[in-house]
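Letter by letter, the chains look like this.
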Amino acid sequence: DVKVTQSSRYLVKRTGEKVFLECVQDMDHENMFWYRQDPGLGLRLIYFSYDVKMKEKGDIPEGYSVSREKKERFSLILESASTNQTSMYLCASSDPRGASVDTEAFFGQGTRLTVV
Amino acid sequence: AQSVAQPEDQVNVAEGNPLTVKCTYSVSGNPYLFWYVQYPNRGLQFLLKYITGDNLVKGSYGFEAEFNKSQTSFHLKKPSALVSDSALYFCAVRDMFDAGKSTFGDGTTLTVKP
């Protein structure tokens with residue numbers, strides 16, 4: 001059974017803290033993604049990685065950074081958490097080869113982050 | 001640039017009736033199209049996809065979707081709705097020559113009433 005695992009389901013952090021959200025996939029996928037989900041706004045892409053140590057900004061990268069030191073792990077970092085970063089964060093992975101079985105995205109269970 | 005529109009925030013149907021959740025897309029090249037479902041406080045689960053071939057795609061839980069190139073649509077359908085189908089549904093599009101970034105719609109909440 002394929003899996004994308006996010007390290008925390010629920011997280012409460014204080015304003016100004018540095019926050020790490022971890023994501024691990026066991027499918028040997030090259031692509032990994034971080035999205036945030038807010039009511040009425042759908043899924044918005046924060047960062048995307050298509051290979052180890054490679055990253056690309058998504059639609060809303062401000063206030064975030066990412067790290068991909070190993071193929072299976074993609075970390076999202078909130079450098080200085082703010083209340084407007086309270087949200088559901090979703091990690092996903094996929095295979096970039098067009099006709100491959102795993103061209104769809106596989107999602108983790110999500111991390112609901114509250115910044116107080 | 002690619003985009004997805006889900007014109008309905010909410011769809012309500014009675015159990016046993018057919019359901020349709022609408023999706024239209026825009027992409028510069030050939031599209032890969034996806035539907036995902038999200039239950040409360042969970043991640044998204046893949047339902048079905050169109051990559052190539054038959055325009056009618058069948059997926060999980062009895063869902064199907066029809067790719068219509070001329071109307072740039074990929075509507076999700078099910079002949080007979082169940083209460084357990086109530087969830088948030090997302091349509092997504094990806095250009096087949098893009099490295100893998102999909103664009104998601106804003107989601108449609110489906111409510112199936114007994």
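Use the structure listed above.
Residues numbered from 1 in each chain as written. Chains lettered and ligands numbered in written order. Predicted model: local features only at pLDDT ≥ 70, side-chain atom pairs only at ≥ 80, totals over all residues. Heavy atoms only, no water.

Engineer: Just give me the short version of the pairing of strand β11 (residues 111–115) of chain A, but keep the residues and values in it.
Structural biologist: All names here are of chain A. By the alternation rule, side chains of β11 split into Thr111, Leu113 and Val115, which are all buried, and Arg112 and Thr114, of which none is buried. Of the pairings in the sheet, the one linking strand β2 (residues 10–13) to β11 comprises 4 bridges and is parallel in character. Its bridge partner being in β11, lysine 13 is matched across the sheet by valine 115. Pairing between strand β9 (residues 87–94) and β11: 3 bridges, direction antiparallel. Within β11, the residue paired with serine 87 across the bridge is leucine 113. (Buried < 20%, exposed > 50% of the residue type's maximum accessible area, 1.4 Å probe, protein only. Helix = DSSP H or I, 4+ residues; strand = E, 2+ residues; numbered from the N terminus. Pairing = 2+ DSSP bridges.)

Engineer: Could you give an account of the state of the cysteines, naming the residues involved and the relevant values?
Structural biologist: Taken as a whole and assessed by the stated rule, the structure comprises 2 disulfides over all chains. Note on cysteine connectivity: cysteine 23 of chain A is disulfide-linked to cysteine 91 of chain A, with sulfurs 1.9 Å apart. Between cysteine 23 of chain A and cysteine 91 of chain A, the S-S torsion sits near -80 degrees, and that sign places the bridge as left-handed. With cysteine 23 of chain A in strand β3 (residues 19–25) and cysteine 91 of chain A in strand β9, this residue pair connects regions lying 68 residues apart in the sequence. Pair check on accessibility: cysteine 23 of chain A and cysteine 91 of chain A agree, each one buried. Paired by a disulfide, cysteine 23 of chain B and cysteine 91 of chain B hold their sulfur atoms 2.0 Å apart. Note on the cysteine 23 of chain B and cysteine 91 of chain B pair: the S-S dihedral is about -65 degrees, so by sign convention the disulfide is left-handed. Taken together, the residues cysteine 23 of chain B in the loop between β3 (19–21) and β4 (24–26) and cysteine 91 of chain B in strand β10 (residues 87–95) connect sequence positions 68 residues apart. (Disulfide = S-S within 2.5 Å.)

Engineer: How would you explain the interface of chain B and chain A if you had to name every residue and give the values?
Structural biologist: Contacts between the two partners involve 21 residues from chain B, matched on the other side by 29 residues from chain A. Across the chain B to chain A interface the summed buried area is about 1800 Å²; carbon plus sulfur atoms make up 49%. Looking at the side of chain B facing chain A, the largest losses of area belong to Asn41, Lys101 and Phe104 of chain B, adding up to 28% of the total buried there. The interface formed by chain B and chain A contains 2 salt bridges. Across the pair lysine 101 of chain B and glutamate 56 of chain A runs a salt bridge, and its minimum N-O distance is 2.9 Å. Inspection of the chain B/chain A interface yields 6 residue pairs in polar contact (both at pLDDT 80 or more). Elements supplying a minimum of two residues to the side of chain B that touches chain A: β5 (31–38), β6 (44–50) and β10 of chain B. Here the side of chain B that touches chain A gets 4 residues from one element, more than from any other, and that element is β5 of chain B. Residues that form the side of chain B that touches chain A fall into these classes: 10 nonpolar, 6 polar and 5 charged. (Contact = heavy atoms within 4.5 Å. Buried area = accessible area lost by both parts, 1.4 Å probe. Salt bridge = Lys/Arg side-chain N within 4 Å of Asp/Glu carboxyl O. Polar contact = N/O pair within 3.5 Å; in protein donor to acceptor, adjacent residues only side chain to side chain. Nonpolar A, V, L, I, M, F, W, Y, C, P; charged D, E, K, R; others polar.)

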